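Fold and contact review
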Amino acid sequence: MPEIKQEWQVIIDLLRDTDPILLNRIGRKMMHYLYKLSIKQIGILMERLESSTNDIQFDPNKSSNEPLQRVDQNVLEQITEEIFKIASAELPSEAITQMVKVWVKDDKARFLSMAAEKRDVALVEISDALHRFSNKKESIKNISPEENIGIKVALIRRFFSEDLNYINTVKNYLTIDDFSTLLKNTIGPSQGNGKLGGKAAGLFRAATILTNKQNSSISIRNLAVPKTWFLTSDGIIEFLHFNALEEMPNIKYRSQIEIRQEYPYLEQIFKNSSMPPEIIAGLNLALDDLGDQPLVVRSSSLLEDQSGAAFAGKYKSLFVANVGTKQERLIALIDAILEVYASVFGPDPIEYRRERGLLDFNEEMGILIQEVVGRKVGKYFFPAYSGVAFSFNDARWSKRIKREDGIIRLVAGLGTRAVDRVDNDYPMLISPGLPGLRVNVDPHEVLWYSQKNVDVINLITKRFETVPFEKLIREVGYNYPSLNQIISIYQNGDMITPTGNMLNINEDTPVITFARLLKSGPLVYQLNDMLKILSNELQMPVDIEFACDGDIHKIYLLQCRPQSTAICHENVSIPENIEKNKILFTANQYITNGVVKGIEYIVYVDPDEYDNLETMDDLMMIGRIIGELNQKLPKQSFILIGPGRWGSRGDIKLGVRVGYSDINNTSMLIEVAKMKKDYMPELSFGTHFFQDLVEAKIKYLPLYVGSSGTVFNEDFFMKSPNMLLKIIPTAKKYEALVRVISISKLFNNASVEIILDEDTNQGIAYIKEEIITPSS
């Protein structure tokens, strides 16, 4: 009676006749499996193979640099047979059958592995392979762990990043099907090989990690990410070629002055150009899927949102009302994308890249098309609240707050007022580690430093607008989502948290305090857990953007990137017995550790003279003069001192209008507030502007002139010789306003030194004279 073969033997016999290549592959996998089990016979087999190879190769006259001779194919086939003989002796037949079946199934999914591992596989090819894989039966998709990880790593490299830290984190939390879902919402040149960009990579990583942690963290059980479509980074290359704009990438090699002057014209060239038909077809599909929800078009360049190079605020993100006919909505969406494309060639991002040695990198711009989180309320669309949160806090208003307690910048409405510096307005600052410790406690101060305006999308005008909060409340009343969580009522010198319908819209003064939300709502717990989970997993502090549509138990993650921090490891102490006439100023609020040495020049913008300027041209000219001084003075040899909120959008009277490329060469920015004025330096910690300063290693200090216990040597700044006209001869009109003081012209062997000691919350700037020891 013939021997009855086991199921695995039947499979092996069939493969031997029909697919010997697959048989050899399965044989290798079995040998590896047995070797991991420390099966003695496999070790002997491998030693015998090595011995036979050495016999073939043995030749006393042969050099070790010559190629090895090839072993006969029959020997390799015999080894495969012996591997399965050893397996049959060491393992149960059922186990061998199960493994062989899995490995055969692996091969049925090999088309995906082959596609993913191609370095520059076209978007259409990898999309098709993922689609085929996702439609396979679950039994086929159940591939081996090694194959699974290999495919995931290849897909991460293809679409997100080749950074090993990124890959090592993300591969543990996602599935292959996640990529299939992702590519259903991806637009790009079908034969292209672009990635999704840094912002997309950061959001995908954070969302994947947090989704996997939801079961172990109650506070983020209802975490969500807005519906998002992706336009690959090579879309901009296709656009440039389609419109004969191939020279644009070389603009980055022009002078900063040329780039700044030509940029407005370049923006209009882009906005009047055409999008390739293939991209338009994809955008049509995206609009069908996204419906008529307002959209935000976010930049996602290849360099963006990386550790030490966040590009925060450098490239544009634009809101689209997404109302009207399908054609009108498509035109508005394309217009926003083209403006984001143009921002690649703007003066600030190019200077930022030049500074970091990234200018020669072939920057590409991916795009995120994301639903705006919020609700339609009357003619407006906006979230109940939104903001940014950071793992590290460099704005500690109490000694009880630790750097690791983090910081939240919270605003009502769209989050633009949390990341931008805005005129005469303030976000709510909270430390998630100690949420009860507020910056302002006195009701009058709470009122004064509260948010006064809300950013919204007007669905009638189809524009992004800023609306006074009181006006908005009178228009929409209790239709404002979660209003009772957000406001207090200022009444007879007290802040009252309203209950029920206590608010009289026509008589009461509503104030944005988030009192109930911060006292008993879930927000602080949600953000604290998100920050801790992400910083622990990524082994670095993070910066996240969030929003809430009105359901306070549901929080939306909009963005995540590494946080740039301003940690100073120096042991800082303020010298004793500094001569009073050598002290330039002292400070005692919001001090972060740091020492700034060797300052040769002080650029001082007189707050009173600035306040007296009447025309927009004059106000704008001050920013241009600062930008020119930034280019002409030796890098890191000067500090900037001037009024209000530098770099803010809105009322230019409240601070000098500058961009990153206007201040990036300074060592320190000191914002002056005189108590008699109607503005104070907003705590800019957490804004894009502040992140710029941190990454450029520019120290920042808000200086409250006239506050108790401080010194400000105004005579020094106003009476010292002014070098402005020697540096910029055409600035005669502004000589009384912008003062450039050269320390070496006033003192021999001296410079300005600034010491900031956060432990004592004290800062000082003084003239430090070097003591010259006579040579013997």
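Refer to the structure printed above.
Residues numbered from 1 in each chain as written. Predicted model: local features only at pLDDT ≥ 70, side-chain atom pairs only at ≥ 80, totals over all residues. Heavy atoms only, no water.

1. Looking at the sheet that holds strand β12 (residues 463-468)
We count it as follows: Here, a strand pair is defined by DSSP locating no fewer than two bridges between the strands. What counts as a helix is a DSSP run of H or I of at least four residues, what counts as a strand is a run of E of at least two, and both are numbered from the N terminus. Lines fitted to C-alpha atoms define the axes, with helix axes restricted to the stretch in contact, and inter-axis angles between N-to-C directions lie between 0 and 180 degrees.
Within the open sheet, the four strands sit side by side as β6-β7-β11-β12. Their pairing is antiparallel. Only two strands of the sheet have a single neighbouring strand rather than two, namely β6 (375-377) and β12. Taking the axes of each pair of neighbouring strands and ignoring which way they run, one obtains an average angle of 45° across the sheet. Pairing of strand β11 (residues 453-458) with β12 involves six bridges; the strand directions are antiparallel.

2. Considerations on the sheet that holds strand β13 (residues 487-491)
With respect to topology, three strands assemble into an open sheet ordered β14-β13-β15, the strand pairing being antiparallel. With partners counted over all chains shown, the strands left at the sheet margins are β14 (494-496) and β15 (509-512), one partner each. The sheet shows a mean angle of 40° between the axes of neighbouring strands, taken without regard to direction. Across four bridges, the pairing between β13 and β15 is antiparallel. Counted as the bridge partner of I487 is I512 from β15.

3. As for the packing of aromatic side chains
Applied cut-off: Two aromatic rings from Phe, Tyr or Trp, using only the six-membered ring of Trp, form a pair when their centres are within 6.5 Å; if the ring planes differ by under 30 degrees the pair is stacked, by over 60 it is edge-to-face, and anything between is tilted. Only protein chains enter the accessibility calculation, which uses a 1.4 Å probe; a residue is then buried when its area is under 20% of its type maximum, exposed when over 50%, and partly exposed in between. Placement of a charge over a ring requires the Lys NZ or Arg CZ to be within 6 Å of the ring centre, with the centre-to-atom vector within 35 degrees of the ring normal.
The final tally for this structure, using the stated rule, is 17 aromatic pairs. Here the aromatic rings of Y604 and F717 are separated by 4.9 Å at their centres, their planes lie at 20°, and the arrangement is stacked. On the criterion of sequence distance, the pair formed by Y604 in strand β20 (residues 601-605) and F717 in helix α28 (residues 714-719) is long-range, its members being 113 residues apart. Like F717, Y604 is buried. Summarising the aromatic geometry, the rings of F712 and F717 are spaced 5.1 Å apart at their centres and angled 20° between planes, so their arrangement reads as stacked. Looking at F712, the relative accessible area reads 16%, which means it is buried. In this structure an aromatic cluster arises from ring pairing among F160, Y166, F179 and F204. Lying over the aromatic face of Y352, R356 brings its terminal NZ or CZ to 3.7 Å of the ring centre.

4. Quick look at the environment of L437
This is how it is decided: When checking whether two residues touch, look at their non-hydrogen atoms; a contact exists if any pair is within 4.5 Å.
Within the fold, L437 resides in the loop between β10 (428-430) and α19 (443-448). The exposure class assigned to L437 is buried, which follows from its relative accessible area of 18%. Apart from the residues within four sequence positions on either side, L437 is in contact with W397, S398, R400 and I401.

5. Notes on the nonpolar core
Rules: Here, nonpolar core means buried Ala, Val, Leu, Ile, Met, Phe, Trp, Tyr and Cys residues that are tied together by side-chain atoms lying within 4.5 Å of each other. Domain segmentation is taken from an automatic or database assignment of domains.
Membership of the largest hydrophobic core comes to 82 residues, with the highest contact counts inside it found for I126, F160, Y385, L410, Y480, F514 and I544. Residue-level mapping places this core at the junction of two domains, with at least three residues from each of domain 2 (185-371) and domain 3 (375-565). Apart from the residues within four sequence positions on either side, Y480 is in contact with V377, F382, P383, A384, A412, G413, F469, L472, I473 and I486. Counting residues in each nonpolar core, the second largest holds 79 residues, with L266, L303, I337 and L724 among its members.

6. Some details on unusual backbone geometry
Phi at N322 takes a positive value of approximately 60°, unusual for a residue other than glycine. Topologically, N322 is positioned in the loop between β4 (317-320) and α16 (326-342). Judged by its relative accessible area of 3%, N322 falls in the buried class. Unusually for a residue other than glycine, F514 sits at a positive phi of about 55°.

7. Remarks on the pattern of salt bridges
To be explicit about the condition: Just to be clear on terms, a salt bridge is a Lys or Arg side-chain nitrogen sitting within 4 Å of an Asp or Glu carboxyl oxygen.
Tallied over the entire structure, the rule returns 33 salt bridges. The salt bridge involving E304 is made with K199; its shortest N-O contact spans 3.2 Å. With E304 in the loop between β3 (295-301) and β4 and K199 in helix α12 (residues 198-212), this pair connects stretches of sequence that are 105 residues apart. Take E304 and K199: they sit in the same class, and that class is buried. Salt bridges sharing common partners tie together E267, K271, K316, D335 and E339.

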